[in-house]
Amino acid sequence: MKQYKLNSSNLSAISERVALPNYNRKNITTGIVHVGVGGFHRAHEAMYIDQLLEDASNANWGICGVALLNFDQKIHNVLKEQGGLYTLVIKELDGTLTKEVIGSITEYLFAPDSPTAVIEKMADKATKIITLTITEGGYNLNEATGEFNYENPTIVHDKNNPAEPKTIFGYLTQALAIRKENNNGPITILSCDNIEGNGHVTKKMLLSYIAFAQPALLPWIELNVSFPNSMVDRITPATIPSDIALLLETSGIEDQWPVVCESFQQWVIEDDFIAGRPNLEAVGVQFVKDVAPFEKMKLGLLNAGHSVIGILGSLMGYNTIDEAIHNPEIAKFLAIYLDNEVTPTLNDLEGVDLTQYKKTLVARFSNVYIKDQIERICSETSAKMPKFIMPTVQGQLAANRSVSHAAFVIAAWAIYSLGVNEKKESINIKDALQEVLFAKATLAQTNPVAFIQIEAVFGTLSTSASFVAVYTKSYNDIMAYGVEKCIIELNSN
Ligand code: CS2
């Protein structure tokens, strides 16, 4: 099969092999600026917008993808070389592959090289929505206080260098100031990160920064910026070299960075778009009054479920989520955690069949074609723990109910943070707090509580005598018998 590099001029040559955008990309103008063009954005929002653009009346809703961090240089270069095009490879539970070229990212900017261009694009009159996938850790929240972390040196940098910011807060503030100045109209800032109340958090953090850096802007923001909450869902593992090779082999498409994902997709948003929005209902997005119950369910069951399998699986020496959940003891441990500890904290849910949701979840985790790397799942656990697992722990403790499985996972995380699994192989840990985690994990070997005294992750959890008791027992048991023996024991109780 003849091979073609993926770019605009080769589209007709590959039209028989994959689904292509049927719209003329030259007619698309930017209505959305998106920050964080990683795999998830490209499997989710950019895919929904791609479908939307098939209807010519939506041509003003193209995306300008912004790579914010130095670390994002590579994806920016790929987008530039491929004219914003990439292949989305959807892997069904039965292994069927669906491949489609996504065309909705029609502009792309690399912020470290062109901060002014990014600020101007965000401030542009035609831009009506700024969307974010900057990860749980990107919101600059001090978990211990729940407040904005003013001590972060990049925040201080942004205040002193407003025209050349480094953080999302510096960028947004400059752009909003120009919008106000030039009368460019209101705008919606939509977070697509896995955080309960992601719109509220975005608003609170941005306003905290603006109160510090440019307080005169606050009244304008109150009247001209909306921050809807949203829930996003689609499992999107990191692309690995064999994904690139498979695409080349099966379709002859040379794509430097395709995106691989599951077929499940969900996007639930609060309908609060102050500058208007596209008709996303037409492509399956749900608009609701209150996203909170959906978000709580998704974070508590799916994201926490991932962390549970990831942490236990990593210690036991598994590499992917599907491998780990195919161990029946891990699967049983997960089921008990979701039923006995998470589900009771979700009692304010209406209209959702939780039993069905959990069933689907296990099938999604078990998808052997997805091969979601445990390393991805366990990366930045210090930012994920407060969002995924701590709400369950707090809810259960407040109601005097069991936290045995959550405490077990946290104890396993303390041991994981030493960086060696039970097969004596080293674990590649990626975490902004890695040094602190390692230091506390080391202390925990003689005093397990030391680990849960990391306030930035656990708040005041170490003052709960009932939690400490069950956590310490789990810690000592895992150290003595290993994870598998302990979970077999817990599962048989
Ligand atoms: C995962 C998420 O990173 C994680 O911890 O749980 O990336 C998850 O795959 C997505 O939220 C799925 O929607």
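Residues numbered from 1 in each chain as written. Predicted model: local features only at pLDDT ≥ 70, side-chain atom pairs only at ≥ 80, totals over all residues.

## Some details on the overall build of the protein
Rule in force here: Runs of H or I in DSSP of at least four residues are treated as helices and runs of E of at least two as strands, each being numbered from the N terminus. In this description the radius of gyration comes from C-alpha coordinates, and the expected globular size is given by 2.2 Å times residues to the power 0.38. Here exposure depends only on C-beta density: within 10 Å of a residue's C-beta, 20 or more other C-beta atoms make it buried, 12 or fewer make it exposed, and intermediate numbers make it partly exposed, the C-beta atoms being placed from the backbone. A pair of residues counts as a contact when their C-beta atoms, built from backbone coordinates, are within 7 Å of each other.
The secondary structure content of the protein amounts to 22 helices and 16 strands. Against the globule reference of 23 Å for 493 residues, the protein gives a C-alpha radius of gyration of 23 Å, in line with a compact fold. Across its three principal axes, the protein shows a C-alpha extent of roughly 65 × 60 × 40 Å. Relative to its full complement of 493 residues, the protein shows a buried share of 45%. Across the protein, every contact between residues at least 6 apart in sequence was considered, and the portion connecting residues at least 24 apart equals 78%.

## Considering the packing of helix 21 (residues 465-481) against helix 22 (residues 483-492)
We apply this condition: With axes taken as lines fitted to C-alpha atoms, and helix axes fitted only over the stretch in contact, angles between N-to-C directions fall between 0 and 180 degrees. For classification, angles of less than 35 degrees are called roughly parallel, those exceeding 145 degrees roughly antiparallel, those between 65 and 115 degrees roughly perpendicular, and all remaining angles oblique. Following the grouping adopted for this structure description, the nonpolar residues are Ala, Val, Leu, Ile, Met, Phe, Trp, Tyr, Cys and Pro, the charged ones are Asp, Glu, Lys and Arg, and the polar ones are all others, Gly among them.
Their axes nearest at 7 Å, the elements helix 21 and helix 22 cross at an angle of 125 degrees. As far as their axial angle goes, helix 22 and helix 21 are oblique. Here helix 21 contributes D477, I478 and Y481 to the contact with helix 22, which in turn contributes V483, K485 and C486. For the contact of helix 21 with helix 22, a count of residues per class yields 4 nonpolar, no polar and 2 charged.

## Looking at the nonpolar core
The criterion, for reference: Core membership is restricted to buried Ala, Val, Leu, Ile, Met, Phe, Trp, Tyr and Cys residues, and these are joined into a nonpolar core through C-beta atoms within 7 Å.
Residues L312, V409, A411 and A412 are the most contacted members of the largest nonpolar core, which totals 139 residues. If you tally residues by element for this core, the top one is helix 10 (residues 292-316), at 12 residues. When residues no more than four places from it in sequence are discounted, the contact partners of L312 are I330, F333, V409, A412 and V483.

## Some points on the UniProt feature "domain: Mannitol dehydrogenase N-terminal" (unreviewed entry) in the protein
To be explicit about the condition: UniProt positions are given in the numbering used here, feature names are shortened, and annotations may be inferred rather than shown by experiment.
This chain's UniProt record puts "domain: Mannitol dehydrogenase N-terminal" (unreviewed entry) on residues 31-281. The distance from the first to the last C-alpha atom of residues 31-281 is 17 Å, and the span holds 35% helix and 24% strand.

## As for the sheet that holds strand 4 (residues 86-91)
Quick reminder of the rule: Pairs of strands are assigned from DSSP output, requiring at least two bridges between the strands.
Across the sheet, which stays open at both edges, the 3 strands sit in the order 5-4-14 with mixed pairing between neighbours. With partners counted over all chains shown, the strands left at the sheet margins are strand 5 (97-102) and strand 14 (259-262), one partner each. Direction aside, neighbouring strands of the sheet carry axes that sit 25 degrees apart on average. Two elements, strand 4 and strand 14, share 4 bridges in a ladder whose sense is parallel. Bridge pairing in strand 14 places L88 opposite V259.

## Topic: the pairing of strand 10 (residues 187-191)
Taken across its 5 residues, strand 10 has 5 buried, putting it largely inside the fold. Neither face of strand 10 is open: one carries I187, I189 and S191, the other T188 and L190, and all of them are buried. Sheet topology places strand 7 (residues 129-132) next to strand 10; 4 bridges connect them, and they run parallel. Paired with I129 across the strands is T188, a residue of strand 10. Bridge count between strand 10 and strand 11 (residues 225-226): 2 bridges; the pairing is parallel.

## Digging into the site of the ligand
Formally: Only the C-beta atom, placed from the backbone, is used; a residue is near a molecule or strand if that atom lies within 6 Å of it.
The immediate surroundings of the ligand are formed by N194, D233, R234, I235, N303, H306, I377 and K384. Each residue belonging to the shell around the ligand can be placed in one class, and the counts come to 2 nonpolar, 3 polar and 3 charged.

## Side note on the packing of helix 10 against helix 13 (residues 354-366)
To keep it simple, the criterion reads: In a left-handed crossing the near helix is turned counterclockwise from the far helix by less than a right angle, and in a right-handed crossing that turn is clockwise.
Relative orientation of the contacting elements helix 10 and helix 13 amounts to 35 degrees, with a least axis distance of 11 Å. Once helix 10 is placed against helix 13, the crossing between them reads as right-handed. Contacts between helix 10 and helix 13 involve M297, L301, L302, G305 and I309 from the former and Y357, K358, L361 and F365 from the latter.

## Section: the environment of V89
For V89, the location among the structural elements is in strand 4. Between the C-alpha atoms of V89 and L247, which are 158 residues apart in sequence, the distance is 8.2 Å. Contact partners of V89, with chain neighbours within four places excluded, come to L97, K99, D243, L247, P258 and V260.

## Section: the environment of P112
Within the secondary structure, P112 is located in the loop between strand 6 (105-110) and helix 4 (115-123). Along the backbone, P112 and K203 are 91 residues apart, and their C-alpha atoms lie at a distance of 24 Å.

## Remarks on the confidence of the model for the protein
What counts here: Every residue is assigned a pLDDT by the predictor, reflecting its confidence on a scale from 0 to 100.
Model confidence for the protein is summarised by a mean pLDDT of 96, while 99% of its residues fall at 70 or above. Reported for the predicted complex are a pTM of 0.96 and an ipTM of 0.98.

## Looking at the sheet that holds strand 11
One open sheet accounts for 6 strands, arranged 6-3-2-7-10-11; its pairing is parallel. Strands with a single pairing partner mark the edges of an open sheet, and in this sheet they are strand 6 and strand 11. The strands touched by helix 3 (residues 73-81) within the sheet are strand 3 (62-67) and strand 6, with strand 6 carrying the most contacts at an inclination of about 140 degrees. Each of strand 2 (30-35), strand 3, strand 6 and strand 7 touches helix 4; the most contacted strand, strand 6, lies at about 135 degrees to it.

## Some points on the environment of G310
Checked against the element boundaries, G310 lands in helix 10. Note on G310: 27 C-beta atoms within 10 Å, which makes it buried. As a C-alpha pair, G310 and I374 span 64 residues in sequence and 5.2 Å in three-dimensional space.

## Focus on unusual backbone geometry
In the Ramachandran plot, E380 falls in the positive-phi region, its phi being about 55 degrees despite a non-glycine side chain. Position of E380 among the secondary structure elements: in the loop between helix 14 (374-378) and helix 15 (381-388). In this model, K424 sits at a positive phi of 65 degrees, which is unusual for a non-glycine residue. Tracing the backbone through its elements, the reader meets K424 in the loop between helix 17 (404-416) and helix 18 (434-444). Owing to 7 C-beta atoms within 10 Å, K424 belongs among the exposed residues under this scheme.

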